[in-house]
Protein chains: 2
Amino acid sequence: MHLFYTPGINPSLHEYFLNEEESKHAVRVLRLAKGDAVTLIDGVGGLYQAEIKDAHPKRTILQVNSVQTEYAKRNHYLHLAVAPTKNIERTEWFLEKATEIGIDEVSLIISQRSERKEAKAERLNKIITSAIKQSIKAYHPVLNEAVTFAQFIKKPFDGEKYIAHCAEGEKLALPEAIAKQSRYLILIGPEGDFSPAEVEIALQNGYKAITLGESRLRTETAALEACFEINFLNR
Amino acid sequence: MHLFYTPGINPSLHEYFLNEEESKHAVRVLRLAKGDAVTLIDGVGGLYQAEIKDAHPKRTILQVNSVQTEYAKRNHYLHLAVAPTKNIERTEWFLEKATEIGIDEVSLIISQRSERKEAKAERLNKIITSAIKQSIKAYHPVLNEAVTFAQFIKKPFDGEKYIAHCAEGEKLALPEAIAKQSRYLILIGPEGDFSPAEVEIALQNGYKAITLGESRLRTETAALEACFEINFLNR
């Protein structure tokens, strides 16, 4: 299957022009010709079946034959706020895997103990885009620019809010904590965990403390574990 | 905490000599001195608290103060048989993550559609070892040398046997398939999935077909998903 991520398309269009880069890829690399079938995803739930109408190397014209909206729509909404890892590759693979398993929104948060103080969302977003193409997801997860923990914690969220941390204290496991088919926001700390002050601030702002099991997990593994648990519990 | 993986130790020892490499690391790199505390894991469930008795750069002597056997022993046994990925880094991170989350044995299987026909267990085992140190696991997962699917499928396994594949057909989800606190062997195929013939052979040999959810997952993600599910379902 030849899949293109084309956020510019919408279900009302019967014809769509691939941009220069996509056209070049379709015609010069994939060697697609008139009549060849292609699949398009718009990133907001639309999956389109189309065919090449004019295999122009700079302005390929597609004829849209059918569109399926809300393709593989999940019954819940998951927003993970994660401290980017010191080694950014670990955050990159978390994004790839979370996209495969199912996630709606990711926020990068710089916490007190974060060794990494910045992360470029643009580059990380490219990884998400290639992951939705690879795993055929019609919804493109939203990746938010890095903000500080202090900035993030004040933001409103319409749903259940959780903070995963390793310090002592009363914690719930997700199976007993969550309502099914709901909206979830989960905070995952940096390598050195959240500071006690940050945990306190989160609790004051309506976050509930959770545990992700007995194993000591790296930041990116904990984030993926949370992603896995939420998807699994909503099956 | 200064953690050493010392498979040579056993609970009956009150004194232990670090080998030359470990001694050098302890004395020259970590700059440990007489009386400093170190933790040892033997890879078969033993977690030892010890202290430096003689900080010799080539033959450091440790005094063992206490030992805990069956440290964080799991209530189940998980053996995953996975086709190594074309890009071996994907298999490497699967091994790291599976070790963090919890796994007992990994077999590398070369299947009909495997693009990668070999994988060196020795190098991959080093990744497992660093992962058990990082996540403080007293049990070292066993990694078996690569064998063909045909060789592997005939091996006896005392427990529940499953094959995860993407083709049509009747499949169970793990929550309905497994007995808790049991022994599990799960086959995960290569990028191109198992061939219909391989699936058939597996079914004839007592494997049950399972699904790991609706998402289209890469080989290493599917393997990790299976690892997540088995650990989660046994909590």
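Residue indices begin from 1 for each chain and proceed along its sequence in written order. Throughout, the order in which chains and ligands are written sets their labels, letters from A for the former and numbers from 1 for the latter. Side-chain atom pairs in this predicted model are given and counted only at pLDDT of 80 or more, local residue features only at pLDDT of at least 70, and totals for whole chains, interfaces and linings cover all residues. Hydrogen atoms and water are omitted, and side-chain values are computed over all heavy atoms in the structure.

1. Looking at the environment of Asn 125 of chain A
Residues and elements named next belong to chain A. Worth spelling out the cut-off: Under the scheme used here, helices are H or I runs from DSSP no shorter than 4 residues and strands are E runs no shorter than 2 residues, and both carry numbers assigned from the N terminus. Two residues qualify as a contact provided that any one of their heavy atoms is within 4.5 Å of a heavy atom in the partner residue.
Considering the arrangement of structural elements, one finds Asn 125 in helix α3 (residues 121-134). When the C-alpha atoms of Asn 125 and Ile 9 are compared, they prove to be 19 Å apart, with 116 residues separating the residues in sequence. Those residues in contact with Asn 125, other than ones at most four positions away along the chain, are His 140, Pro 141 and Leu 143.

2. Remarks on the packing of aromatic side chains
So the rule is basically this: For this analysis, a ring pair means two rings from Phe, Tyr or Trp (six-membered ring only for Trp) whose centres lie within 6.5 Å, classed as stacked if their planes differ by under 30 degrees, edge-to-face if by over 60, and tilted for the remaining angles. For each residue, the accessible area found with a 1.4 Å probe, counting protein chains only, is set against the maximum for its type, and the residue is called buried under 20%, exposed over 50%, and partly exposed in between. In this scheme, Lys NZ or Arg CZ marks a charge over a ring once it lies within 6 Å of the ring centre and within 35 degrees of the ring normal.
Under the counting rule described, the total for this entry stands at seven aromatic pairs over all chains. Pairing Phe 228 of chain A with Phe 228 of chain B gives two aromatic rings, centres 4.5 Å apart and planes at 10°, and the pair type is stacked. In this pair, Phe 228 of chain A sits in helix α7 (residues 219-233) while Phe 228 of chain B sits in helix α7 (residues 219-233), so the two residues belong to two different chains. For the ring pair Phe 232 of chain A and Phe 232 of chain B, a centre distance of 5.5 Å and an interplane angle of 85° mean the geometry is edge-to-face. With Phe 232 of chain A in helix α7 and Phe 232 of chain B in helix α7, this pair bridges two chains. Like Phe 232 of chain B, Phe 232 of chain A is buried. Pairwise contacts between aromatic rings join Phe 228 and Phe 232 of chain A together with Phe 228 and Phe 232 of chain B into one cluster. Cation over ring: Arg 183 of chain B sits above Tyr 77 of chain B, and NZ or CZ is 4.5 Å from the ring centre.

3. Some remarks on the UniProt feature "domain: Ribosomal RNA small subunit methyltransferase E PUA-like" (unreviewed entry) in chain A
Selection criterion: UniProt positions are given in the numbering used here, feature names are shortened, and annotations may be inferred rather than shown by experiment.
Using the residue numbers shown here, the UniProt feature "domain: Ribosomal RNA small subunit methyltransferase E PUA-like" (unreviewed entry) corresponds to residues 18-59 of chain A. Taken as a whole, residues 18-59 of chain A contains 24% helix and 31% strand, while its terminal C-alpha atoms sit 6 Å from one another.

4. So, the relation of the copies chain B and chain A
To keep it simple, the criterion reads: A least-squares superposition brings the copies together, and it is based on the C-alpha atoms of residues with pLDDT no lower than 70 in both.
Mapping chain B onto chain A leaves a residual RMSD of 0.0 Å; the transformation is a rotation of 180° accompanied by 0.0 Å of translation along its axis. The superposition operator between the copies reduces to a two-fold rotation axis. If distances are taken from each C-alpha of chain B to the rotation axis, the shortest is found for Phe 228 of chain B, at 3.6 Å.

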